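# Reading the structure
Now for the letters of each chain:
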Amino acid sequence: MDKFTIDNMNLYYGKFHALKDVTLHMPKNKITAFIGPSGCGKSTLLKSLNRMNDLVEGCKITGDIRLDGADIYGDIDINVLRKRVGMVFQKANPFPMSVYDNIAFGPRTHGIKKKSELDQIVEQSLRDAAIWDELKDRLKKSALGLSGGQQQRLCIARALAVKPEVLLMDEATSALDPISTGKIEELCLKLKDEYTIIMVTHNMQQALRISDNTAFFLLGEMVEYNSTDAVFSSPQDKRTEEYITGRFG
Amino acid sequence: MADMNNTAVIDEIKPINKVTFKQRMISYKRKPLSLVMLLLVALAAVLSAAALVFIIVYVLVRGIPNLTPELFALTYNSDNVSCMPSIINTIVLTLLTLLIAVPFGIGAAIYLAEYAKKGNKLVKVIRTMAETLAGIPSIVYGLFGMLFFVYALNWGYSLLAGAFTLAIMVLPTIMRTTEEALLTVPDSYREGSYGLGAGKLRTIVRIILPSAMPGILAGVILAVGRIVGETAALIYTYGSATGYATGLLNSGRSLAVHMYVLTNEGLHTDQAWGTAVVLLVLVFGINTLSAFIAKKLGNKKG
């Protein structure tokens with residue numbers, strides 16, 4: 001079953017045609033990876049899925065993007081969309097407040113006030129993000145004092161705390177050491193039972209290790225989309241083959 | 001080696017990377033210009049500090065002997081020239097001015113930094129005007145306040161006229177510093193907040209304003225400094241009545257105006273020096289208090 005469907009989507013930044021006629025259907029409870037060289041439009045596509053591109057001036061989108069069959073650029077509450085489609089950014093961006101308040105920010109935004117309920121959500125989210133044991137004694141400390149890897153897992157926990165259905169990860173491990181990266185990859189594999197994960201990655205080994213499906217982008221065009229095994233073992237397009245074998249990009 | 005964490009041991013280490021006096025002299029010999037530069041900037045720093053220290057010491061030396069109990073009598077008369085009413089008037093005036101200027105200044109800054117589109121014509125006009133306003137001599141504000149608040153609105157010399165005049169005067173300062181503070185809040189905070197489904201209002205109130213608070217407070221402190229030290233904009237708006245301004249439409253004199261009047265009359269120069277000490281202490285007190293509040297707020301968020 002498809003969670004997200006993108007049909008004939010075009011995106012322009014001012015006069016620049018950044019995404020060209022992209023059609024892509026992403027199944028539920030799977031990990032879909034977007035790969036491709038810098039500037040190919042994969043992050044831009046990801047940001048269109050929770051309408052973060054609305055913040056970019058001069059960004060024009062045409063086509064059809066649907067979440068569970070509902071047009072996300074239609075008559076919907078954008079804040080509810082972003083609650084359903086959570087995002088983890090390339091650079092960890094904890095708010096300058098305590099670990100607890102960071103996690104509780106989302107639930108509080110969506111109307112949860114009861115202390116006991118918040119406590120429970122904070123603990124569960126941190127457990128889900130595999131960082132509870134490290135942080136359980138530091139909940140009242142500033143999130144800015146954590147290490148880079150911890151901050152990123154905190155941001156994942158923060159995204160999980162609003163109970164999204166889809167998790168967008170924009171090169172979420174690119175700034176992390178291999179151990180932290182490994183933890184986050186394990187986390188993704190665990191999370192896909194409950195969430196649909198769409199990730200942008202520069203690391204092809206990572207796409208190979210954890211994704212179910214892979215889409216390869218080049219210069220704003222989606223070149224190839226198939227199961228990850230198929231893309232990496234028998235790419236249909238010459239450009240895909242060249243990219244994954246490291247001949248360009 | 002076993003005890004490298006012992007601080008006593010660490011203190012005894014002779015590091016090879018410590019630049020000795022001799023090495024520094026040799027390097028200056030090779031590059032004499034860098035020594036000249038060092039001396040010049042050091043001289044600039046010392047002279048700047050010295051000028052400030054000289055003024056403060058001079059005021060203290062002339063003023064402290066004149067800090068008599070009469071100077072702090074509860075009511076003013078022409079014998080004791082008490083500055084007590086002026087102290088209270090200054091505090092009330094400062095609070096009222098901030099009450100008017102801070103909401104408008106922060107509100108305008110939030111509009112400019114968070115709501116207005118980049119390259120918006122109106123934003124450019126507002127910024128240029130704010131910058132121009134910040135550079136206008138305060139006597140011009142005084143004249144405007146007199147013509148508009150005192151005469152046109154017929155408020156007379158009054159607390160309200162003085163506070164509104166000063167509010168207009170400090171508004172650009174508060175607005176610009178707040179805008180700068182908002183612009184330094186990383187966009188990643190905004191993205192993070194929107195990404196969790198928070199709306200614009202919640203993002204501004206719960207994430208952006210707390211992060212920008214130290215910068216905003218710095219602007220408010222600057223404004224307080226200008227209010228407390230202002231005379232020209234107040235003489236013809238707040239007036240120079242010697243009692244306590246107990247109502248919004250009562251006239252009174254702030255400490256700085258009080259000092260100006262005493263000096264101007266030439267009869268109470270000694271008391272004017274005493275008043276100057278009080279003014280210094282007041283400004284110092286306000287700044288310390290503000291810094292304390294800023295630190296408290298910073299700790300809370302950090």
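This one's a predicted model, so the numbers in the text were calculated from it and none came from an experiment.

What counts, and where the lines are drawn
Residues numbered from 1 in each chain as written. Chains lettered and ligands numbered in written order. Predicted model: local features only at pLDDT ≥ 70, side-chain atom pairs only at ≥ 80, totals over all residues. Heavy atoms only, no water. Helix = DSSP H or I, 4+ residues; strand = E, 2+ residues; numbered from the N terminus. Rg over C-alpha atoms; globule rule 2.2 N^0.38 Å. Buried < 20%, exposed > 50% of the residue type's maximum accessible area, 1.4 Å probe, protein only. Contact = heavy atoms within 4.5 Å. Areas by Shrake-Rupley, 256 points an atom, 1.4 Å probe, with all protein chains shown as cover. Lys, Arg positive; Asp, Glu negative; His and termini not counted. Charge placed at Lys NZ, Arg CZ, Asp CG, Glu CD. Buried area = accessible area lost by both parts, 1.4 Å probe. Salt bridge = Lys/Arg side-chain N within 4 Å of Asp/Glu carboxyl O. Nonpolar A, V, L, I, M, F, W, Y, C, P; charged D, E, K, R; others polar. Axes fitted to C-alpha atoms, helices over the stretch in contact; angles between N-to-C directions. Parallel < 35°, antiparallel > 145°, perpendicular 65-115°, else oblique. Left-handed = near helix turned anticlockwise from the far one by under 90°. Patch = residues over 30% accessible without salt bridge, like charges linked within 9 Å, V, L, I, M, F, W, Y side chains within 5 Å. Core = buried A, V, L, I, M, F, W, Y, C linked by side-chain atoms within 4.5 Å. Phe/Tyr/Trp six-rings, centres within 6.5 Å; stacked < 30°, edge-to-face > 60°. pLDDT = per-residue confidence, 0-100.

### Considerations on the overall build of chain A
Helices and strands together make up the secondary structure of chain A, namely 10 helices and 10 strands. Over its C-alpha atoms chain A spans a radius of gyration of 18 Å, differing by no more than 12% from the 18 Å that the globule rule assigns to 249 residues. Dimensions of chain A, computed from the C-alpha atoms along their principal axes, are close to 55 × 40 × 35 Å. Considering chain A as a whole, with its 249 residues, one finds that 54% of them fall into the buried category. Within chain A, contacts between residues separated by at least 24 positions form 65% of all contacts whose residues are at least 6 apart in sequence. Of the roughly 10800 Å² of accessible surface on chain A, a fraction of 49% belongs to carbon and sulfur atoms. Averaged over its 33 positive side-chain charges, chain A has a centre that lies 5 Å from the centre of its 33 negative ones.

### As for the interface of chain A and chain B
At the interface, 25 residues of chain A touch 19 residues of chain B. Interface area for chain A against chain B, summed over the two sides, is near 1900 Å², with a carbon-plus-sulfur share of 62%. If you sort the residues of chain A by the area they bury against chain B, Glu57, Pro96 and Phe105 of chain A come out on top, with a joint share of 29%. Remark: the boundary between chain A and chain B carries zero salt bridges. Breaking the side of chain A that touches chain B down by element, the ones donating at least two residues are α2 (78–84), β6 (85–88), α3 (99–109) and α6 (148–160) of chain A. Of the residues forming the side of chain A that touches chain B, the biggest block, four residues, is contributed by α3 of chain A. Tallied by class, residues from the side of chain A that touches chain B come to 13 nonpolar, seven polar and five charged.

### Focus on the packing of helix α5 (residues 121–135) of chain B against helix α7 (residues 159–183) of chain B
Residues and elements named next belong to chain B. Contact pair α5 / α7: the axes reach a minimum separation of 9 Å and the direction vectors enclose 130 degrees. With respect to α7, the axis of α5 lies oblique. Every pair of crossing elements has a handedness; the one defined by α5 and α7 is left-handed. Across the interface between the two elements, Ile126, Arg127, Ala130, Glu131, Leu133 and Ala134 from α5 touch Pro172, Met175, Arg176 and Glu179 from α7.

### So, a nonpolar patch on the surface
All names here are of chain B. On the surface, a cluster of nonpolar side chains totalling about 630 Å² of accessible area is made up of Leu52, Ile56, Leu60, Ile64, Leu67, Phe72, Leu280 and Val281. Here the nonpolar patch gets three residues from one element, more than from any other, and that element is helix α3 (residues 32–63). Looking at the secondary structure, you find Leu67 in the loop between α3 and α4 (84–115). Accessibility expressed as a relative area gives 32% for Leu67, which makes it partly exposed.

### What about the nonpolar core?
If you look at the biggest cluster of nonpolar residues, it comprises 57 residues, and the most contacted ones within it are Phe95 of chain A together with Leu93, Leu166, Val170, Leu182, Leu209 and Leu255 of chain B. Elements supplying a minimum of two residues to this core: α4, α7, α9 (200–229), α10 (232–235), α11 (255–265) and α12 (269–301) of chain B. Of all the elements, α9 of chain B adds the most residues to this core, at 11 residues. Setting aside residues up to four positions removed in sequence, Leu93 of chain B forms contacts with Leu159, Gly162, Ala163, Leu166, Leu234, Tyr238 and Ser254 of chain B. Core analysis: the second largest hydrophobic core is formed by 46 residues, Ile31, Ala33, Cys188 and Ile197 of chain A among them.

### Brief notes about unusual backbone geometry
Residue and element names in this part refer to chain A. For Asp68, which is not a glycine, the phi torsion comes out positive at approximately 50 degrees. Looking at the element boundaries, Asp68 is found in the loop between β4 (59–67) and β5 (70–71). Given the relative accessible area of 35%, Asp68 is considered partly exposed. For Lys163, which is not glycine, the phi torsion reads 50 degrees and is therefore positive. Structurally, Lys163 can be placed in the loop between α6 and β7 (166–170).

### Digging into the environment of Leu35 of chain B
Residue and element names in this part refer to chain B. With respect to the element layout, Leu35 can be found in helix α3. Residue class for Leu35 comes out partly exposed when judged on its relative accessible area of 31%. Each C-alpha atom of the pair Leu35 and Met25 lies 9.2 Å from the other, and the pair is 10 residues apart in sequence.

### Concerning the packing of aromatic side chains
Residue and element names in this part refer to chain B. Applying the stated criterion across every chain, the model contains 12 aromatic pairs over all chains. With a centroid separation of 5.3 Å and an interplanar angle of 10 degrees, the aromatic rings of Phe149 and Trp155 are classed as stacked. Overall, Phe149 belongs to the buried group, its relative accessible area being 5%. Ring pairing ties together the aromatic residues Phe144, Phe148, Phe149, Trp155 and Phe164, which thus form one cluster.

### Re the confidence of the model for chain B
All names here are of chain B. Mean pLDDT over chain B stands at 89; residues scoring 70 or higher make up 96%. Per-element confidence in chain B ranges from a low mean pLDDT of 78 for helix α1 (residues 7–12) to a high of 95 for helix α6 (residues 138–152). Here the prediction assigns the complex a pTM of 0.82, and the interface score ipTM is 0.89.

### Some details on the pattern of salt bridges
Residues and elements named next belong to chain A. Within this structure, the stated rule accounts for 23 salt bridges over all chains. Between Arg108 and Asp101 there is a salt bridge; the shortest N-O distance is 3.1 Å. Using a relative accessible area of 27% as the deciding quantity, one classes Arg108 as partly exposed. For Asp101, a relative accessible area of 26% translates into the label partly exposed. The salt bridge partner of Lys183 is Glu134, with a shortest N-O separation of 3.8 Å. Of this pair, Lys183 sits in helix α7 (residues 178–191) while Glu134 sits in helix α5 (residues 132–135), placing them 49 residues apart in sequence. According to the relative accessible area criterion, Lys183 is partly exposed, its value standing at 34%.

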